[in-house]
Every structure is written in structure tokens, then in C-alpha cells.
Protein chains: 2
Amino acid sequence: MMVIADHPITAKAHTNIALVKYWGKLDNQLIIPQNDSLSLTLDEFYTQTTVQFLPELSADEVIFDNERLSESASKRVRTFLDHVRQLAGINFHARVITKNFVPTAAGLASSASGFAALAGAASRAAGLNLNRRDLSRLARRGSGSATRSIFGGFAAWQQGQDDATSYAYPIDEQPTWDIAVVALVLNAKQKKISSRVGMRLAVETSPFYSAWIKASQADFETVKTAIQNEDFELLGHTSEQNAMRMHALTLSSDPNFTYFNADSIQAMNMVKELRLQGISCYFTMDAGPNVKIICQGADAERIRCYFQSSFGQDQVLVTRSGTGISISN
Amino acid sequence: MMVIADHPITAKAHTNIALVKYWGKLDNQLIIPQNDSLSLTLDEFYTQTTVQFLPELSADEVIFDNERLSESASKRVRTFLDHVRQLAGINFHARVITKNFVPTAAGLASSASGFAALAGAASRAAGLNLNRRDLSRLARRGSGSATRSIFGGFAAWQQGQDDATSYAYPIDEQPTWDIAVVALVLNAKQKKISSRVGMRLAVETSPFYSAWIKASQADFETVKTAIQNEDFELLGHTSEQNAMRMHALTLSSDPNFTYFNADSIQAMNMVKELRLQGISCYFTMDAGPNVKIICQGADAERIRCYFQSSFGQDQVLVTRSGTGISISN
């Protein structure tokens, strides 16, 4: 018999950047992806979420960055809590207090850290004591990329074919090689086309979609090998190619769209310029204009300075490999 | 028996914008493309070229925009002249004077008008009296897109399978419906990756290439139907989608690259903004940052003003359907 926690439970989860992207669902309800994906969890960007189920509440309360969310704005969280309640066999409502240490909805994947932290805090608050695989499966119901944020370092999300088999697993949780990410926060405004809508468009309308899936599976194996061999060039090059092919899907969707803005174009050109100068670094982008530069730790400071000459100081952030989820008792 | 002309021959050919793009060769020597393409010849942008074969010349002389080209810079023209000499059975060298009324190598397809004009002037100067189909075949040897600049209005380049069967033909040389193009000259600097290199990269490295060919053939049929029915929306939408899928090929090539610059991104967003305001217009881009807006003549002035508020006056050019090649006697 499970017993709900008699005190608030707090979980902290870091966001991740996908080196091999998730861009399309096979099952929209269960969030089963179209391909395996692979990411690096980042130290600097995270979400901290506190949950308590309370008999006196008549509805879920969601406080996000110190503001109470409206019913419509909290819908995704409440749907997720419904799922947790169902798993735990309880019907109390919850108070959720969440704080994002990530620029929201600007392609720094705040939904990844957000739903990972929510899965961790809500499940334990509901009396469930899930192992990391099951936490990953639960996080998946909130946001696909959240599966990978349960783990630190390099993590893979295996596609699977159903709720039981689609989850993330660690590849190298504490990489000992010198890997870092310089994140350029180019536009923290809300994006126009969510990743949810963007990937649905790609699946339904891009003539390149099936070729993308095939290429991504090959990239997945290549990046796994690169991690095993600590081969930075192979990891960086494959990741950059994979990202640009994902963005080629947005251009080839109907209607076409792009997450690039003027600054993204400039930043990508600057990365290519750095490579010509002999500095090994590669870019990746997600469902927003931000550019993340994968580099070796030894070069991170030099790269940061190079970008600070063109962008603002608070727009250039250096981060390293982060740890997996932590949950208070 | 053919006799070479005893006076200079001048030809004028207009450039064209592809509505269904040519992006990849099946045969690099003969320039046989991977798919059928379709274009609109433009009134404002053209090349005028004068050719005379002269017994006293010891080498070909190529004067381009009032400057004598070096041996290396004139190589492509001289190779083309070799082909003309071979066809005509002559061995005199030629004086070529060419003037471009097109921003060179900035994606306004100056090689299309350039090699169409050269094919017209050089063949007649050499004593050949080619019909337009054979002129189109000849122009193809200089630059694939030049095949279509032999004709006015809407022209198609049928892929064919060899030198005899790969040529352009007119679809509607004098469209009576109200079609116009607003061209944004965003960067007249030489482009970094030529279309020649760019399309070779796509054919050899993009995992999306075969799906592109299939989609383009479908677009070709759709745009042909749209021209027949004077269906502007269908023509515009299909052209824009086709262009973005071509640009998706550059992103998905290895190494990835893009012809977009910051201004291109802004201009494309502005076209989408105009559509939201109810003005029907669509964009296309080629191997450079310029954006060309396909619109109805009645809207051209309004669109020109809209873009002049963000770009310079000399950067926004309005043009209509142009005529086919003309050659002096």
C-alpha cells in the first residue's frame, strides 16, 4: 500500500541538448518517438519543482516562477498530474511550485527539465517510488525530451514500441573527457511554432521525413561510437549534421517554416569561422533561435570571448555535463 | 557549307527564376539534370553579348562588363567557344564582349542569361543557324539554367537522357495573366559556394536527395497545371515549397551550408507577414541570399513599398515576364 508524502517533495532536473534529435512522434498520446535520440545533460540549466498532494485542495495549484498559472496555462501540468494520480490510485489535488533556471521556450528545452523534475517530485509525493527507468517513462508522458533529463551526462532515449519499452538510459553519466557547451541565448521570446506542432508538420508533410528517420538512426549509432571512443570530432560533426537535417525538415514542411533568425545565421557562420581558425567546435539548434556550441572544455573560454564580441555578455553561457535528477526524501 | 559572319553578332537574353528548381546533375559533362525544372523569364535582368570570330586573333578575347578577363576567368567561356567551333567546323578565335544587366553571382542567375546570350551570338557568328530547341541544347553546355532563358514567359527544361533530348521548351511565352516578381538584391557580393559545387554536394551527400527528386517532379506537374489554369495561389505556394525544399538540401548536405543570410530570413518573414495581411505573394531563393517575391502585378507596387521601408531603394526591383532571346542578323 502506497502512502502519499506528508510533506512537500522537491526534485531538481537539468535540461539536455540533443546531439541526435527527436523530431516526430509515432504515437501522439503515449509520446512514442519515430527514432532513437541521444543527448548531453547540461549543468547550468535546470528546473526545481516542489509538489505536495493535499486533501484540502479543490483543484491543482501550479505556481510557475512565482506566478499562479491560469487553468488553461496549467493544463499540460494538470493532465500530467492526472496520470500520476491514476498510477498512484489517489485523487487528492496537488500544489506544484516550479522554478525554471532556463530561458523558457527559447529552444533551451525547458520542458525537458520541467517534466523530468515534475515526474520526480509528483511521483514521490504521490507515494510512488519509481526507479529511474520508470521515472523516465513517466517523464515521457509530459515531454519526450524529458525522458533523457532523468540521467546525467550522455543519455539515450530508445524509441521502443509502447509505454513499457520507450524510455531513456544512461550511456556515460560522468564523462571524463573534456566536453563543454557554449549556449547563445539569442531570443528569449516565446517561439511561434512549438516543437509539438513543428514535428507534427514534419511527420505529416515533409517528403524528406522517412529519409530523416533512416539518417538519424545511423547518426545515433555513430554518436554512440564517438562517445565510446571519446572521439570529439566525430561526435561534433555528426551532431551538427543531424541538427541541420532536422532543420531541413522545417524548411521542407508544408507550410515551410524555420527556427533560424538573423542572429542564428550569424552565430553558425562564426562557428564555421572558428573551425577555419583551427578551433574544433560544432553547433546544434533546437526548436528556437538559440545556437549551442559543442566544444572541448579547454576551448570554452576562448569561444565564449569570441561570441561576446558580437553578442551581449548575458547571452553567452558556458556549461558542462550535468548530473541526473535528484529528489528530496 | 556554313560561312562565319563577317561582322559582330549581338544577342540579348533575359535571366529567369526557377519556380521548380534545378539542383543536381545526372551527367556533369553534358549537364543533364536530375529532374525537369520550370521558370519564368524576367524582363529587367538580361545579358547582351557580341561575338565575332576573327582569323587574326591568336586567342579568344573575353571582355566582361568592360574588362578583359584573364585566361583563368574566361575558361568557362572559352570551353564553350571550343564546343561552338567544333559544331561549326571552324578554328578561328573569337572576340566576345558581354555586358550583364544582372547583379553577378548573387543568385539572380546571371549565368542563365549569360550563356543563353553567348549561345545565341556565338552560334550565329560561327555560321550556325540553330532553331530555338538547338540553341537551348547548346546553352545547356554552358549552364543548365541557360536552357530556359532562350524562351520568354514560362519555360520548362525537360530532363531528357542525353544531349539530344535535354532542352527547354516554352509553356506560355506571353502570359496574359497578371504576374510579377519583386526581386530583393540583398547582397551582390560573390557567393561562397557556387551552385555547381552546391548541387554536387547535395547529390553526393544529402540523404534527402532522392525524395527531393520525387517531390520536384510532382511540383513540376502541379506548376504546369497552375499555369494552364492561371491559378496564382497554386503556382505561388508550390514554388515557395519547392524552393525551401531545395534549400533544405543545402542544410542536409555534408558539410552543411546555407545561402540564407540575416536579410534573407527577415525578407521571408516579411512575405509571410504580407500574406497574413491578405496580400497573396510567395518567395523563392536560389544559390545566393537574394529573395524574389512572386506576386500579382496589381500588388507589385504595394509590395515594393513595403520592402523599401526595410531595405534600400536600389535593393528592391520590380520586374515582369520577359521575352525570349533576340539575335541580330
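Residues numbered from 1 in each chain as written. Chains lettered and ligands numbered in written order. Predicted model: local features only at pLDDT ≥ 70, side-chain atom pairs only at ≥ 80, totals over all residues. Heavy atoms only, no water.

Labelled according to an unreviewed UniProt entry, chain A appears under the name diphosphomevalonate decarboxylase, originating from Secundilactobacillus angelensis. The UniProt entry for chain A carries the following comment under Sequence similarities (unreviewed entry): "Belongs to the diphosphomevalonate decarboxylase family." (UniProt positions renumbered as here; feature names shortened; annotations may be inferred.)

Each aromatic ring pair is described using two quantities: the centre-to-centre distance and the angle formed by the ring planes. Residues and elements named next belong to chain A. A full pass over the atoms with the stated rule returns 19 aromatic pairs over all chains. Consider the rings of Phe232 and Tyr282, whose centres lie 6.1 Å apart with planes at 55°: the pair is tilted. Here the residue Phe232 occupies a position in helix H6 (residues 232-252), and Tyr282 occupies one in strand E11 (residues 281-284), the gap between them amounting to 50 residues. Like Phe232, the residue Tyr282 is buried in the burial classification. When the centroid spacing of 5.3 Å and the interplanar angle of 90° are considered together, the rings of Phe257 and Tyr259 count as edge-to-face. The exposure class assigned to Phe257 is buried, which follows from its relative accessible area of 5%. (Phe/Tyr/Trp six-rings, centres within 6.5 Å; stacked < 30°, edge-to-face > 60°. Helix = DSSP H or I, 4+ residues; strand = E, 2+ residues; numbered from the N terminus. Buried < 20%, exposed > 50% of the residue type's maximum accessible area, 1.4 Å probe, protein only.)

With an omega dihedral of 5°, the bond running from Asp254 of chain A to Pro255 of chain A counts as a cis peptide bond. Mapped onto the fold, Pro255 of chain A is located in the loop between H6 and helix H7 (262-276). Look at Ile31 of chain A: it is not a glycine, yet its phi comes out positive at around 55°. Among the secondary structure elements, Ile31 of chain A is positioned in the loop between strand E2 (25-27) and strand E3 (32-33). The residue Glu230 of chain B is not glycine, and still its phi comes out positive at about 50°. Within the secondary structure layout, Glu230 of chain B lies in the loop between helix H5 (209-228) and helix H6 (232-252).

Let's shift gears to the interface of chain B and chain A. Listed per partner, the contact involves 28 residues of chain B and 28 residues of chain A. Carbon and sulfur atoms supply 63% of the area that chain B and chain A bury against each other, a total of about 2200 Å² over both sides. Of all residues in chain B, Phe208, Leu251 and Asn256 of chain B give up the largest surface area on contact with chain A, accounting jointly for 29% of the area buried on that side. Summed over the shared surface of chain B and chain A, the number is zero salt bridges. At the boundary of chain B and chain A, one finds 14 residue pairs in polar contact (both at pLDDT 80 or more). (Contact = heavy atoms within 4.5 Å. Buried area = accessible area lost by both parts, 1.4 Å probe. Salt bridge = Lys/Arg side-chain N within 4 Å of Asp/Glu carboxyl O. Polar contact = N/O pair within 3.5 Å; in protein donor to acceptor, adjacent residues only side chain to side chain.)

Looking now at the domain arrangement of chain A. All names here are of chain A. If you check the domain split of chain A, you get domain 1 (9-173) and domain 2 (179-320). Contacts between domain 1 and domain 2 engage 34 residues on the former and 46 residues on the latter. When the two sides are added together, the surface that domain 1 and domain 2 hide from each other amounts to roughly 3300 Å², 67% of it contributed by carbon and sulfur. Applying the counting criterion to the domain 1 and domain 2 interface returns one salt bridge. Two residues, Lys21 and Asp286, come together in a salt bridge whose shortest N-O distance is 2.7 Å. Scanning the region where domain 1 abuts domain 2 turns up eleven residue pairs in polar contact (both at pLDDT 80 or more). Elements supplying a minimum of two residues to the side of domain 1 that touches domain 2: strand E1 (9-20), strand E4 (37-54), strand E8 (154-158) and strand E9 (167-172). A per-element tally of the side of domain 1 that touches domain 2 places E4 first, with eight residues. Tallied by class, residues from the side of domain 1 that touches domain 2 come to 19 nonpolar, eight polar and seven charged. (Domains from an automatic or database assignment. Nonpolar A, V, L, I, M, F, W, Y, C, P; charged D, E, K, R; others polar.)

Let us now look at the packing of helix H1 (residues 75-88) of chain A against helix H2 (residues 110-125) of chain A. Residue and element names in this part refer to chain A. Here H1 crosses H2 at 35°, and the two axes come no closer than 11 Å. Seen along the crossing, H1 lies across H2 with a hand that is right-handed. Contact with H1, carried on its side by Arg76, Val77, Phe80, Leu81 and Val84, involves Ser111, Phe115, Leu118, Ala119, Ala122 and Ser123 of H2 and no other residues of that element. In terms of residue class, the contact of H1 with H2 is built from eight nonpolar, two polar and one charged. (Axes fitted to C-alpha atoms, helices over the stretch in contact; angles between N-to-C directions. Left-handed = near helix turned anticlockwise from the far one by under 90°.)

As a further point, take the relation of the copies chain B and chain A. Mapping chain B onto chain A calls for a rotation angle of 180° and an axial translation of 0.0 Å; the resulting RMSD is 0.0 Å. Such a combination of rotation and displacement between the chain copies is what one expects of a two-fold axis. A shared binding surface is used by both copies, with 100% of the interface residues of chain B retained as interface residues in chain A. (Least-squares fit on C-alpha atoms with pLDDT ≥ 70 in both.)

Residues and elements named next belong to chain B. Within the secondary structure, Ser136 is located in helix H3 (residues 132-140). By relative accessible area, Ser136 is classed as buried at 0%. Sequence separation of Ser136 and Ile150 is 14 residues, and the distance between their C-alpha atoms is 6.0 Å. Once you skip the residues sitting within four places of it in the chain, Ser136 turns out to touch Thr147, Ile150, Phe151, Tyr167 and Ala168.

All names here are of chain B. The sheet built from four strands is open, its strands ordered E11-E12-E10-E13 with antiparallel pairing. Each having just a single partner strand, strand E11 (281-284) and strand E13 (316-320) make up the two edges of the open sheet. For this sheet, the mean inter-axis angle between neighbouring strands, taken without regard to orientation, is 25°. As paired elements, E11 and strand E12 (residues 291-296) share four bridges and run antiparallel to each other. Bridged to Cys281 within E12 is Cys295. (Pairing = 2+ DSSP bridges.)

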